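Structural description and commentary
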Amino acid sequence: METGTAKVIDKKVYTSPAAAVPPKRSSVKRFLKVFLARKVVVFSLFVLLSLVFVAIFAPLVAPYDPYYQDLTKSLQKPSMEHLLGTDMLGRDVLSRIIYGSRVSIAVGIVSVIIAGGIGMILGLIAGYFGGFIDSIIMRFMDAMMAIPMIILALFIGSALGGGLDSVMISLGIALVPSYARLTRGQVLSVKESDYVLAGTISGTSNFKNMFVHVLPNSLSPIIVLVTMNLGIAILAEAALSFLGMGINPPGAAWGAMVNEGYKYLMSQPVLSIAPGIAIIIVVLSFNIVGDALRDALDPRLRGRI
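What this report covers is the structure whose coordinates are included nearby. Because the structure is a prediction, the values reported are computed rather than measured.

This paragraph deals with the overall build of the protein chain. Scanning the protein chain from N- to C-terminus turns up 14 helices and three strands. Within the protein chain, buried positions represent 40% of all 305 residues. For the protein chain, the exposed area adds up to about 16700 Å²; of that, 69% sits on carbon and sulfur atoms.

This is the structure we're talking about:
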């Protein structure tokens with residue numbers, strides 16, 4: 001007698017192997033379960049999405065023109081008219097923080113694109129070919145890493161003449177070694193896989209092997225690094241703007257606002273504290289999301305979820 005997947009043989013019930021296998025959870029559901037498991041990650045995602053929304057629709061969200069100067073309203077304290085007060089030139093602080101989010105998003109995205117593009121290509125070439133090419137590329141990366149990132153970015157930005165474009169380029173170049181080293185390590189592991197060796201034996205070109213077989217299977221940790229470096233780039237841009245090498249006046253940038261406001265820290269602390277809190281919240285949100293991505297993409301967790 002046969003009932004479902006169970007069979008009765010000599011009055012004993014045997015269950016087919018198919019019935020004992022639990023239903024397979026889709027990779028997307030598994031990823032979302034781990035990624036959104038903590039409330040702090042959901043909150044951080046909300047913060048980042050809000051930042052993007054505010055940056056895109058800044059003219060609609062900002063209550064005032066961030067560049068309009070009214071010296072009769074200079075250094076006003078927070079009020080219903082100006083929620084975060086005004087700066088020394090009578091400009092609305094909240095509006096300038098909102099417009100400053102555009103600079104932060106632009107610097108973070110562009111610098112990471114520059115660093116990721118250059119670093120991944122160099123790491124891919126070094127890891128795949130090895131030998132003399134690997135030694136030359138990685139010794140150059142080691143030399144760059146010997147210099148603190150902010151010092152290297154400050155030197156490159158000064159050589160380029162300052163301004164927002166120079167900050168993006170200098171931060172992008174300063175972040176290259178981290179991508180090159182991580183990509184090289186991943187490539188050294190992936191290139192020994194059977195499918196890569198099979199492609200080499202069958203006559204597949206090195207270019208196709210690198211960009212079709214090796215690189216796509218090395219992206220998981222690089223995606224995590226991209227997320228974390230967005231926060232690092234925003235923090236570094238704020239530091240460079242604080243040192244006077246960021247966006248040119250009268251443009252709004254969080255680091256420059258902290259620099260302008262610290263002179264009035266005792267009488268009008270909100271001028272420095274408000275943009276400083278914005279920097280802290282955004283950088284922490286990127287780091288938390290990056291940490292959650294690392295957990296969700298960790299292959300060691302896949303068998304337990």
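Additional details are given in the paragraphs that follow.
A few words on a nonpolar patch on the surface. A cluster of nonpolar side chains, Val52, Phe53, Ile56, Phe57, Leu60 and Val61, forms an exposed patch at the surface whose accessible area comes to about 570 Å². Secondary structure elements with two or more residues in the nonpolar patch: α3 (39–56) and α4 (58–61). In terms of residues, the nonpolar patch owes the most to one element, α3, which gives three residues. Mapped onto the secondary structure, isoleucine 56 falls in helix α3.

Moving on: helix α12 (residues 219–242). The end-to-end C-alpha separation of α12 is 34 Å, in line with the 34 Å expected for 24 residues at 1.5 Å each. With its phi angle positive at about 90°, glycine 244 sits one or two positions after the end of α12.

This brings us to unusual backbone geometry. Phi is positive for leucine 75, which is not a glycine, with a value near 55°. If you trace the backbone, leucine 75 turns up in the loop between α4 and α5 (93–129).

Moving on, we get to the nonpolar core. Counting 56 residues, the largest nonpolar core has Phe35, Ile97, Met141, Leu171, Tyr179 and Trp254 as the members making the most contacts within it. The element contributing the most residues to this core is helix α14 (residues 270–297), with twelve residues. Formed by eight residues, the second largest nonpolar core is a distinct cluster that contains Leu124, Tyr128, Val187 and Met210.

The final tally for this structure, using the stated rule, is three aromatic pairs. With a centroid separation of 6.1 Å and 65° between ring planes, the pair formed by tyrosine 67 and tyrosine 99 is classed as edge-to-face. Taken together, the residues tyrosine 67 in the loop between α4 and α5 and tyrosine 99 in helix α5 connect sequence positions 32 residues apart. Given a relative accessible area of 38%, tyrosine 67 falls into the partly exposed group. Looking at tyrosine 99, the relative accessible area reads 16%, which means it is buried. Pairing tyrosine 128 with phenylalanine 129 gives two aromatic rings, centres 5.3 Å apart and planes at 85°, and the pair type is edge-to-face. The partly exposed category is assigned to phenylalanine 129, whose relative accessible area is 40%.

Enumeration over the complete set of coordinates arrives at seven salt bridges. Note that lysine 73 is salt-bridged to glutamate 81, the shortest N-O span being 2.9 Å. A relative accessible area of 26% means that lysine 73 is categorised as partly exposed. With a shortest N-O distance of 2.6 Å, aspartate 142 and arginine 181 are connected by a salt bridge. Placement of aspartate 142 in helix α6 (residues 131–145) and of arginine 181 in helix α9 (residues 176–190) is noted, with a sequence separation of 39 residues between them.

Definitions and cut-offs
- Residues numbered from 1 in each chain as written.
- Predicted model: local features only at pLDDT ≥ 70, side-chain atom pairs only at ≥ 80, totals over all residues.
- Heavy atoms only, no water.
- Helix = DSSP H or I, 4+ residues; strand = E, 2+ residues; numbered from the N terminus.
- Buried < 20%, exposed > 50% of the residue type's maximum accessible area, 1.4 Å probe, protein only.
- Areas by Shrake-Rupley, 256 points an atom, 1.4 Å probe, with all protein chains shown as cover.
- Patch = residues over 30% accessible without salt bridge, like charges linked within 9 Å, V, L, I, M, F, W, Y side chains within 5 Å.
- Salt bridge = Lys/Arg side-chain N within 4 Å of Asp/Glu carboxyl O.
- Expected span 1.5 Å × (residues − 1).
- Core = buried A, V, L, I, M, F, W, Y, C linked by side-chain atoms within 4.5 Å.
- Phe/Tyr/Trp six-rings, centres within 6.5 Å; stacked < 30°, edge-to-face > 60°.

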